[in-house]
Amino acid sequence: MLDKLIRKKGGEPKTDNADRQLLDETAIPGHVAIIMDGNGRWAKKRSLPRIAGHHEGMKTVRKITREADRLGIKVLTLYAFSTENWKRPKPEVEFLMRLPEEFLGTYLPELVERNVRVRMIGDHEHLPPHTRRAITRAMDETAGNDGLILNFAMNYGSRAEITEAVRTIAKAVAENRVKAEDIDESMITDALMTAELPEPDLLIRTSGEVRLSNFMLWQLAYTEFWFTDTLWPDFNEDRLQEAIGVYQARSRRYGGVDKEDTD
Ligand code: V07
C-alpha cells in the first residue's frame, strides 16, 4: 500500500511541509474541471490593471497543466471565457482574446513535446478570427497526441450548449430519424460538446465564489466540488494536491456504499 502513495517531488525547498499531500496514485480523478476565478482581484490587491491579473493567470494555466499531467489526470477542463464575459469593457475583452495566441505561442511546443492534446468546448464561430486560428492550429497540431487532454471552455455557456443539443435532437425527430419516446439521457449526453469526454470527477472554483456560473450543468451532476479562497494567479501545485486529497478522502468515506446513498 505504501508504494501506492506518492509524495510531491521537486520544487524549491519549503520551510513548511504542511501543505504537501500524500496522494493515493490509484485514485487520481480522471477529469478535473476548474473555474479560474480571482484574476481581477489579484491585480486590484497589487494596484495593477485587471489585465495584469489575467496575464498572471495564464502562467498558472501552464503550471497546473504540468502538474495535472505529472499526477496522471487524463482530462483538465479550464473555464477560460464565458458567454457572459463579452459584457466586460471592450479593451479587457480584446486583451483576453489575445491570451490564447500568447499562451500557445509560448507553450504549444511544450504541449506537443509532453503529448498533450488541446481541445475546446464553446462557440468558436463567434470568436475573433485571430483567436480561432490560434486555437484551431493548436488542436490540429496536437490531434495525434494521446496524453493529457487540455480542454479549454472558450465562449462557453452550459445553457447554450444544452439548448443546441435539444435543437439537434429536435431536428432528428422532425426528420423521423429519432422517435420522441426514444430520447434518453445518453442521447442528450452525446449531443453535448463534451460527448467524447468522461464526466468531471472533481470541480474546483478559486477565489471564494460558490456558484456554477453556467458551467457544465449537465456534466457536473455527480461531480465532487471543492472551493478555495485562493485567487487563480496564486493557485499552485500544492493547492491542486490539496483538492485531490479532499476528493480522495471523500471517496474513501463512501467506503463501497453507493455514492448517492450515503445517509
Ligand atoms: C485566459 C488566463 C487564465 C485565467 C482566466 C482568464 C484569463 C489560457 C487561455 C487559452 C485559451 C485557449 C487556448 C489556449 C489558451 C486563455 C482566455 C483567458 C480567454 F487554446 N489562459 N487564458 N484564454 N486567462
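Our subject in this report is the structure included herewith. As the structure is a computational prediction, the values presented were derived from the model and not from experiment.

Our next topic: the overall build of the protein. Secondary structure assignment for the protein yields 7 helices and 8 strands. In the protein, buried positions account for 43% of the 263 residues. Long-range pairs, those at least 24 residues apart, make up 73% of the contacts in the protein with a sequence separation of at least 6. In the structure as shown, the protein presents an accessible area of about 14,300 Å², 50% of it carried by carbon and sulfur atoms.

This part covers the packing of helix α2 (residues 50-71) against helix α7 (residues 237-254). The description of two helices packed together rests on the angle between their axes and the distance between the axes. Their axes nearest at 9 Å, the elements α2 and α7 cross at an angle of 45°. Considering their axes alone, α2 and α7 lie oblique with respect to each other. Every pair of crossing elements has a handedness; the one defined by α2 and α7 is right-handed. Here Lys 63, Ile 64, Glu 67, Ala 68, Arg 70 and Leu 71 of α2 come into contact with α7, specifically with Glu 237, Leu 240, Gln 241 and Ile 244. Taken together, the residues of the contact of α2 with α7 break down into 5 nonpolar, 1 polar and 4 charged.

Turning our attention to the packing of aromatic side chains. Summed over all chains, the structure comprises 8 aromatic pairs. Judged by centre distance (5.1 Å) and plane angle (65°), the ring pair of Phe 103 and Tyr 107 falls under edge-to-face. Taken together, the positions of Phe 103 and Tyr 107, both in helix α3 (residues 90-113) and 4 residues apart, correspond to about one turn of that helix. The two residues Phe 103 and Tyr 107 agree in class, both being buried. Between Trp 232 and Phe 235, the ring centres sit 5.2 Å apart and the planes meet at 20°, which makes this aromatic pair stacked. The class of Phe 235 is buried, set by a relative accessible area of 0%.

Before going further, it helps to spend a moment on the nonpolar core. Core analysis: the biggest nonpolar cluster contains 43 residues, and Ile 34, Leu 76 and Ile 204 have the highest contact counts within it. With 9 residues, the top contributor of residues to this core is α3. Of all hydrophobic cores here, the second largest spans 10 residues; its members include Ala 33, Ala 153, Met 216 and Leu 220.

Our next topic: the pattern of salt bridges. Tallied over the entire structure, the rule returns 20 salt bridges. Ionic pairing is found between Lys 171 and Glu 175, a salt bridge with its closest N-O pair at 3.5 Å. Between Glu 209 and Arg 211 there is a salt bridge, with the nearest N and O atoms lying 2.6 Å from each other. By relative accessible area, which is 23% here, Glu 209 ends up partly exposed. The partly exposed category is assigned to Arg 211, whose relative accessible area is 43%.

Picture the strands of a sheet paired through backbone hydrogen bonds; they go either parallel or antiparallel. Spatially, the 6 strands line up as an open sheet ordered β5-β6-β4-β3-β7-β8, and their pairing is parallel. Since the sheet does not close on itself, it has two edges, and those belong to β5 (117-121) and β8 (224-227), each with one partner. In this sheet, adjacent strand axes meet at a mean angle of 20° when their direction is disregarded. Judged from the 5 bridges that link them, β5 and strand β6 (residues 149-156) form a sheet pairing that is parallel. When the sheet's bridge partners are listed, Val 118 is paired in β6 with Leu 150. Docked against the sheet, helix α4 (residues 129-141) engages β5 and β6, running at close to 135° with respect to β5.

Taken together, the side chains of Glu 181, Asp 182, Asp 184, Glu 185 and Asp 190 present a region of like negative charge at the surface. Structurally, Asp 184 can be placed in the loop between α5 (158-174) and α6 (185-191).

Parameters at a glance
Numbering of residues starts from 1 in every chain and runs along the sequence as written. Residue-level local features of this predicted model are given only where pLDDT is at least 70; pairs of side-chain atoms are given and counted only at 80 or more, and the full residue set underlies all totals for whole chains, interfaces and linings. Neither water nor hydrogens contribute to the side-chain values; these are computed over all heavy atoms in the structure. Secondary structure elements are taken from DSSP: a helix is a run of H or I of four residues or more, a strand is a run of E of two residues or more, and numbering for both begins at the N terminus. Note on classification: 1.4 Å probe, protein chains only; a residue is buried when its accessible area is under 20% of the maximum for its type, exposed when over 50%, partly exposed between these limits. Any two residues having at least one pair of non-hydrogen atoms within 4.5 Å are treated as being in contact. Using a 1.4 Å probe, accessible areas were evaluated by the Shrake-Rupley method; residue-level cover was limited to the displayed protein chains. Convention adopted: a line fitted to C-alpha atoms gives each axis, helices being fitted over their contacting stretch, and angles between N-to-C directions are expressed from 0 to 180 degrees. Oblique is the label for any angle not under 35 degrees, not over 145, and not in the 65 to 115 range, which are roughly parallel, roughly antiparallel and roughly perpendicular in turn. Crossing chirality is assigned from the near helix's rotation relative to the far helix, an anticlockwise turn below a right angle marking it left-handed and a clockwise turn marking it right-handed. Under this grouping Gly is polar, as are all residues other than the nonpolar Ala, Val, Leu, Ile, Met, Phe, Trp, Tyr, Cys and Pro and the charged Asp, Glu, Lys and Arg. Pairs were defined over the aromatic rings of Phe, Tyr and Trp, the Trp ring being its six-membered one, requiring ring centres within 6.5 Å. Orientation was assigned from the angle between planes: stacked under 30 degrees, edge-to-face over 60, tilted for the rest. Side-chain atoms within 4.5 Å are what join buried Ala, Val, Leu, Ile, Met, Phe, Trp, Tyr and Cys residues into a set we call a nonpolar core. Note on definitions: salt bridges are taken to be side-chain nitrogens of Lys or Arg within 4 Å of carboxyl oxygens of Asp or Glu. Pairing between strands is defined by DSSP: at least two bridges between them are needed. The patch calculation keeps residues exceeding 30% relative accessible area without a salt bridge and links them within 9 Å when they carry like charges or within 5 Å when they are nonpolar (Val, Leu, Ile, Met, Phe, Trp, Tyr). His residues and chain termini do not enter the charge count, which takes Lys and Arg as positive and Asp and Glu as negative. To locate a charge, take atom NZ for lysine, CZ for arginine, CG for aspartate or CD for glutamate.

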